Amino acid sequence: MQIYLVGGAVRDQLLGLPVKDRDWVVVGATPEEMTNQGFRPVGSDFPVFLHPETHEEYALARTERKSGRGYKGFTFHTSPDVTLEEDLIRRDLTINAMAMDDQGNITDPFNGQQDIQNRILRHVSDAFLEDPLRVLRVARFLARFAHLGFTIGPETLELMGKIASDGELDHLTPERVWQEFERALAAITSSAFWEALDASKALYLLQGLGRIPSEQLITLNSEELQASEEKFALACHLAELNSDELDNLCESLRIPNRYRDLAKAQLRHGATVQTFRQANAEAKLDLISEFKLIKQPEAIEPLIHIARALRPNEVITSDSIEQAAQEVAKIQAKDLIPEGFSGVELGREIRKRQLLLLE
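Because the structure is a prediction, the values reported are computed rather than measured. (Residues numbered from 1 in each chain as written. Predicted model: local features only at pLDDT ≥ 70, side-chain atom pairs only at ≥ 80, totals over all residues. Heavy atoms only, no water.)

Chemist: Explain the nonpolar core here, please?
Modeler: Among soluble globular proteins, nonpolar side chains are generally buried collectively. If you look at the biggest cluster of nonpolar residues, it comprises 94 residues, and the most contacted ones within it are F193, W194, L209 and F232. Examining the composition of this core, we find that 9 residues originate from one element, helix 5 (residues 133-145), more than from any other. Residues within four places of F232 in sequence aside, it is in contact with W178, F181, L185, L209, L246, L249, C250, I255, Y259, R260 and A263. Counting 12 residues, the second-largest nonpolar core is a separate cluster that includes V6, V25, A97 and V124. (Core = buried A, V, L, I, M, F, W, Y, C linked by side-chain atoms within 4.5 Å. Buried < 20%, exposed > 50% of the residue type's maximum accessible area, 1.4 Å probe, protein only. Helix = DSSP H or I, 4+ residues; strand = E, 2+ residues; numbered from the N terminus. Contact = heavy atoms within 4.5 Å.)

As structure tokens, this is what we get:
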């Protein structure tokens, strides 16, 4: 039995990046030998085990054969006879097809180290064509590494375009599309995700978000943006999605509600946040009320971050918004009840006075 650290952990270590997740490949072992050593089986499609102490994933070396359409159409084979090189050749990119033993020696049959030096994302073999999910994965890796100078190799980009033209992308589930999209939103250079999909004729997967003008994509890389939800809301803004388009996008890609809710808030209140002092009293009060800024002034921060990304040359703070919320809070029901107001009339009078104050 031989155990190797593989994939992203080796790649990130060579790039000098923090290693967050470690995956392992076990060569020359059977499932019985793994369980006898205390490993817990968790793989449904092929043998994967959790280490009894670290809980990291250890997969038996395997080969795979295309047996159907889409990214799930594969038959896997594991055996103690499967070599490390046979396992590595099924991987997507050369920079992800390296292995390291416990002495730090690297097995690199496809020149991944050289591609790291040359800053190239290059496919391992023509088996790349068999998995349509790899189009999104390569686009996501470009979003993660473009700031380091990485580009997609022309031959790999050609294969990505072939996968798209062959209709293989249509077999991806909405959940998998969103999973890669969400990871790209968390990357430093998110704009590269759009650029890679556009170059490979796969931008239609993002539906309405594919119509963001190319010159505006750079806005998605703003350091002002502090969460993936903010980038998604900004992308919806740049694509000028209306409320119905936003709902359809979120429903079709199974996008979590927190992303949809912030994008809708940006749609309704983004302009008010950007020009709060000049906004009318109705818009100001609607913003304060919807975000409950009297009790939770920090709730406005995501929209502030988006406003700063859109207007990098302006000083945009939440100070005037918070001050307005504090002023509005001074209009209390307990002060109006002695004047004879109650029920619906009380609510109307409170809003009337709040609007007068904001004007």
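Still more to cover.
Chemist: Teacher, can you tell me more about the packing of helix 7 (residues 174-185) against helix 9 (residues 228-238) here?
Modeler: When two helices pack together, their arrangement is captured by the angle between the axes and the distance separating the axes. One can describe the packing of helix 7 onto helix 9 by two numbers: an axis separation of 8 Å at closest approach and a directional angle of 100 degrees. In terms of axis orientation, helix 7 runs roughly perpendicular to helix 9. Across the interface between the two elements, W178, F181, E182 and L185 from helix 7 touch S228, K231 and F232 from helix 9. Here the contact of helix 7 with helix 9 is built from residues that sort into 4 nonpolar, 1 polar and 2 charged. (Axes fitted to C-alpha atoms, helices over the stretch in contact; angles between N-to-C directions. Parallel < 35°, antiparallel > 145°, perpendicular 65-115°, else oblique. Nonpolar A, V, L, I, M, F, W, Y, C, P; charged D, E, K, R; others polar.)

Chemist: Explain the side chain of R140 here, please?
Modeler: Mapping R140 onto the fold places it in helix 5. Exposure remark for R140: the relative accessible area of 11% places this residue in the buried category. Within the structure, R140 has its side chain in polar contact with the side chain of E180 (distance 2.8 Å). (Polar contact = N/O pair within 3.5 Å; in protein donor to acceptor, adjacent residues only side chain to side chain.)

Chemist: Looking at this structure, I do not really get the environment of L88. What am I missing?
Modeler: Within the element layout of this structure, L88 appears in helix 3 (residues 84-88). The exposure class of L88 is buried, given its relative accessible area of 0%. Each residue touching L88, except ones within four places of it in the same chain, is listed here: V6, A97, M98, A99, T107, P109, F110 and V124.

Spatial relationships are all this shows, so hold off on functional conclusions.
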